[in-house]
Amino acid sequence: MELIKNLKWRYAVKKYSDEQVSEDKVDQIVEAINLTASSCGIQPYRMFVITNPEVRQRLGEGSFNAQIHASSHLLVFAGFNEITSDYISDYVLMMEQQRNLENGALNVLKDTLIDYFSPQTTEQNTIWSDKQAYIGLGTALIAAAELKVDATPMEGLIRNCLMKF
Ligand SMILES: Cc1cc2nc3c(=O)[nH]c(=O)nc-3n(C[C@H](O)[C@H](O)[C@H](O)COP(=O)(O)O)c2cc1C
């Protein structure tokens, strides 16, 4: 299995060169993340590809991880704090359209999801969203290994900081 060979090649890189990862390879990694499973398919996170050196410098301030500013691309996974009814409605509508169903055909699913998520606290949503984001991170690492792209997983950006970009 080619994947095992590529995973044996993979390691958490500590020091990056100036070499830029091609946009084509980054696009493939992003696509792999997009195709990752998530609970209920809700994808309760967004992933930002950050190349701007100043932004990466700011994000890395106070961190021992020089990779934050030294890598060519920084992929930031930002989990949702809230799973709103509007978000669920849009998601279910998209499912209906993609499957050529009538509007409202998946109302039972929509209502079930809204009933489930409405009483959840911000903390519950945050923990759940972060778990889903970690699955995306795993996929990203595997995809990078397949493409022989160096990568370093890390965690710890303060929540909400992305809103200040
Ligand atoms: C969630 C997570 C957080 C990590 N945080 C860091 C980190 O902040 N800095 C770092 O250099 N490596 C970090 N790592 C990489 C691990 O230290 C590394 O994967 C582990 O030591 C095994 O080494 P390998 O990946 O090279 O096989 C992290 C890994 C994971 C999965």
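Residues numbered from 1 in each chain as written. Predicted model: local features only at pLDDT ≥ 70, side-chain atom pairs only at ≥ 80, totals over all residues. Heavy atoms only, no water.

In the annotation of an unreviewed UniProt entry, the protein chain is listed under the name Nitroreductase and assigned to Chryseobacterium soldanellicola. In its Sequence similarities (unreviewed entry) section, the UniProt entry covering the protein chain states "Belongs to the nitroreductase family." (UniProt positions renumbered as here; feature names shortened; annotations may be inferred.)

1. Observations concerning the UniProt feature "domain: Nitroreductase" (unreviewed entry) in the protein chain
Here, UniProt's "domain: Nitroreductase" (unreviewed entry) annotation points to residues 7-157. Between the C-alpha atoms that bound residues 7-157 there is a distance of 26 Å. The span itself is 51% helix and 8% strand. (Helix = DSSP H or I, 4+ residues; strand = E, 2+ residues; numbered from the N terminus.)

2. Here we look at unusual backbone geometry
In this structure, Q43 is a non-glycine residue whose phi angle is positive, near 45°. Along the chain, Q43 turns up in the loop between helix 2 (23-34) and strand 1 (45-50). With a phi close to 55°, N100 is a non-glycine residue in the positive phi region. Tracing the chain through its elements places N100 in the loop between helix 5 (85-98) and helix 6 (107-117).

3. What to know about the pattern of salt bridges
Here the structure, examined in full by the defined rule, presents one salt bridge. Between E2 and K5 there is a salt bridge, with the nearest N and O atoms lying 3.0 Å from each other. A residue pair is termed a helical-turn pair when its members lie 3 or 4 positions apart in one helix, as E2 and K5 do in helix 1 (residues 2-9) at three residues. (Salt bridge = Lys/Arg side-chain N within 4 Å of Asp/Glu carboxyl O.)

4. Considerations on a nonpolar patch on the surface
Together, M1, I4, L7 and I142 line one region of the surface with nonpolar side chains, adding up to about 380 Å² of accessible area. Among the structural elements, I4 can be located in helix 1. (Patch = residues over 30% accessible without salt bridge, like charges linked within 9 Å, V, L, I, M, F, W, Y side chains within 5 Å. Areas by Shrake-Rupley, 256 points an atom, 1.4 Å probe, with all protein chains shown as cover.)

5. Examining the site of the ligand
Residues in contact with the ligand, as listed here, are R10, Y11, A12, K14, N65, Q67, Y134, T152, P153, M154 and E155. A distance of 2.9 Å separates an oxygen atom of the ligand from a polar atom in the side chain of R10. Contact between the ligand and K14: an oxygen atom at 2.7 Å from a side-chain N or O atom of the residue. Residues of the shell around the ligand, tallied by class, amount to five nonpolar, three polar and three charged. (Near = heavy atom within 4 Å. Polar contact = N/O pair within 3.5 Å; in protein donor to acceptor, adjacent residues only side chain to side chain. Nonpolar A, V, L, I, M, F, W, Y, C, P; charged D, E, K, R; others polar.)

6. Some remarks on a negative patch on the surface
A surface patch of like charges, here negative, comprises E23, D24, D27 and E31. For E31, a relative accessible area of 41% gives the class partly exposed. (Lys, Arg positive; Asp, Glu negative; His and termini not counted. Charge placed at Lys NZ, Arg CZ, Asp CG, Glu CD. Buried < 20%, exposed > 50% of the residue type's maximum accessible area, 1.4 Å probe, protein only.)

7. Some details on the packing of aromatic side chains
As enumerated under the stated definition, the model contains four aromatic pairs in all. Ring centres of F80 and Y87 lie 5.2 Å apart, and the angle between their planes is 90°; this geometry places the pair in the edge-to-face category. Of the residues examined, F80 reaches a relative accessible area of 16% and is grouped as buried. Here the aromatic rings of Y116 and F117 are separated by 5.0 Å at their centres, their planes lie at 90°, and the arrangement is edge-to-face. Each residue in the set Y116, F117 and W128 is aromatic and connected to the rest through ring pairs, giving one cluster. For the cation-ring pair, K148 lies above W9, with the distance from its terminal atom to the ring centre recorded as 5.6 Å. (Phe/Tyr/Trp six-rings, centres within 6.5 Å; stacked < 30°, edge-to-face > 60°. Lys NZ or Arg CZ within 6 Å of the ring centre and 35° of its normal.)

8. Section: the confidence of the model for the protein chain
For the protein chain, the average pLDDT comes to 94, and 95% of its residues sit at 70 or higher. Counted against residues more than four places away or in other chains, residues 161-165, with its pLDDT under 50, gives eight contacts. (pLDDT = per-residue confidence, 0-100. Contact = heavy atoms within 4.5 Å.)

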